[in-house]
Amino acid sequence: MRSRPVLLVSILMLAAALNGCSQSHDRVELPALGETAEIMVGPTGGTITLTGVEITIPPGALASDRQVRVTVVDETPPSWLRPSSPILRFEPEGLEFDRPIEVRIPFTGDARTATVFWSQREGDAFVPRTTRIEGRVAIAESTHFSQAFVGSACEGDDCCDQANGQLDVVLMVDNSNSMSEEQAALAAQIPRLARALASGDANGDGVQDFPALESVRVGIVSSDMGVAGGSIPTCESGSGGAMFGDDGVLRIHGNTSLPGCDPTYPAFAEVGADSTSAEIEGFVRHVSCVGTIGTGGCGFEQQLESMLKAVTPATSPLRFFDDTTGHADGANAGFVRDESMLAVIMLTDEDDCSVLDPGLVAVDGEYASVDLNLRCHSFPEAVHDTQRYVDGLLALRDQPADVIFASVAGVPTDALVGDPSLDTILADARMQSVVDPEMPTRLTPSCEVPGVGNAFPPRRIVEVARDLESAGAYGVVGSICQDDFTPVIDAILRSVASRASGECN
């Protein structure tokens, strides 16, 4: 990519500089093709400048003196990236800094979408850096020398924001009985997902399709939120016991029954565009070992409440069981970042039953006449309204499009053929919550997991996806009733790629 000279880019840059900015009366002075500057920089730091461009190397960034240079080059990024500044090469390429350096680059075009793209430490993929705009100058940081420019990764009416290179993923894994095969099927997708996000190569053909992500974090929670101190079998083993279960706290325990898994891991795994092959492998192992939770968790699943408590800060007005607050700035502090895309991926074979009235799970009382498996269906007033989860997630981000909600649940596989709307999926006869006439202690299954058993209609979960999508977020729905989760992972990648590029849903 770096070795292909393309004169068209230079001509466009020159024309933009001559015409000035389309959204400002100020003339933008851009450096010319071939322009270069170099200085000797040591431990005390220094600044390199050339027409409108300024690179500041702070004290302590280098341990010894180095000759450094910046040059305007005649090269081009992938065709889907639209430069609004010349492309700069920083040398020596690959030079690493102990502290972040700052670059200021003048640009033309739309300031709403202007983003500094920096090429990988190793490789040709371009990565969007967190970018601050001051007038007609884009400002970003890096810890290595390679290539950079200001531009946009999208165009047209859907392009409404800067590209975003940060993604925080909450992986909610149902750890009730009969979920081991599904956990393994999801774990099988983690290597491809990690490499695609770190490279921007969606299909593995070696060509970058969307902005490679600077940083991807994955934290894992279970569906076990306890049963308010009740005495229901399987609901007393979470870290918080029967009262709180695992309580939406990020899991750190690895599944040591799997080869290569450690007993414990950090609260979240992280990978990004500058990760080495070994670091990507470590990320995959971490997510697979912690995400393969196993079974035996509480059979009274509260999937939505678990994921919401995991990412909600204590400053939120939302309250959880026993008037407790969210964990985002407490037990899970440091995981969710303010400016990241926030994705939730839910893996479950049953619908959500996030309890509003703790009496719903009591062995006696007003609900006791109904079998436990049917109580959420029979007493919808005793569970939280799904709008709680729509509003709760949207409140965490300034832009709804920064929220991606995906589920792999009991949607009939053929109900997804042809990319139907979420309303159409919810209208499917098999997605209705009705008592099974052949086994009146349960609901009628919506589909069958090959070689494992039944899954049940995830109406509440799909309703959250639908209502988030209506609000401008991304709603993705896949089926757990298939051997291969590739289709839903592809759909998640498309959503991430769209928002990482600066598009709004």
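Owing to the predicted nature of the structure, the values given are computational and were not obtained by experimental measurement.

Cut-off values and rules
Residues numbered from 1 in each chain as written. Predicted model: local features only at pLDDT ≥ 70, side-chain atom pairs only at ≥ 80, totals over all residues. Heavy atoms only, no water. Helix = DSSP H or I, 4+ residues; strand = E, 2+ residues; numbered from the N terminus. Buried < 20%, exposed > 50% of the residue type's maximum accessible area, 1.4 Å probe, protein only. Contact = heavy atoms within 4.5 Å. Core = buried A, V, L, I, M, F, W, Y, C linked by side-chain atoms within 4.5 Å. Salt bridge = Lys/Arg side-chain N within 4 Å of Asp/Glu carboxyl O.

Of the regular secondary structure elements, the chain holds 11 helices and 20 strands. Viewed in the frame of its principal axes, the chain has a C-alpha envelope of about 80 × 45 × 40 Å. Out of the 505 residues in the chain, the part that is buried amounts to 55%. In the chain, the share of contacts with a sequence separation of at least 24, taken over all contacts with a separation of at least 6, comes to 72%.

Counting residues in hydrophobic clusters, the biggest one holds 50 residues, and the most contacted among them are L167, F283 and I480. For this core, the element with the most residues is helix α11 (residues 486-500), which contributes seven residues. Grouped together as the second largest cluster of nonpolar side chains are 34 residues, M172, A310, M431 and A465 included.

So, about the pattern of salt bridges. Scanning all chains against the criterion turns up 28 salt bridges. A salt bridge links R89 to E75; the nearest nitrogen and oxygen atoms lie 2.3 Å apart. Taken together, the positions of R89 in strand β6 (residues 87-91) and E75 in the loop between β4 (66-73) and β5 (82-83) put the pair 14 residues apart, joining distant regions of the chain. With a relative accessible area of 9%, E75 lands in the buried category. Between R104 and E102 there is a salt bridge, with the nearest N and O atoms lying 4.0 Å from each other. Judged by relative accessible area, which is 23%, E102 ranks as partly exposed.

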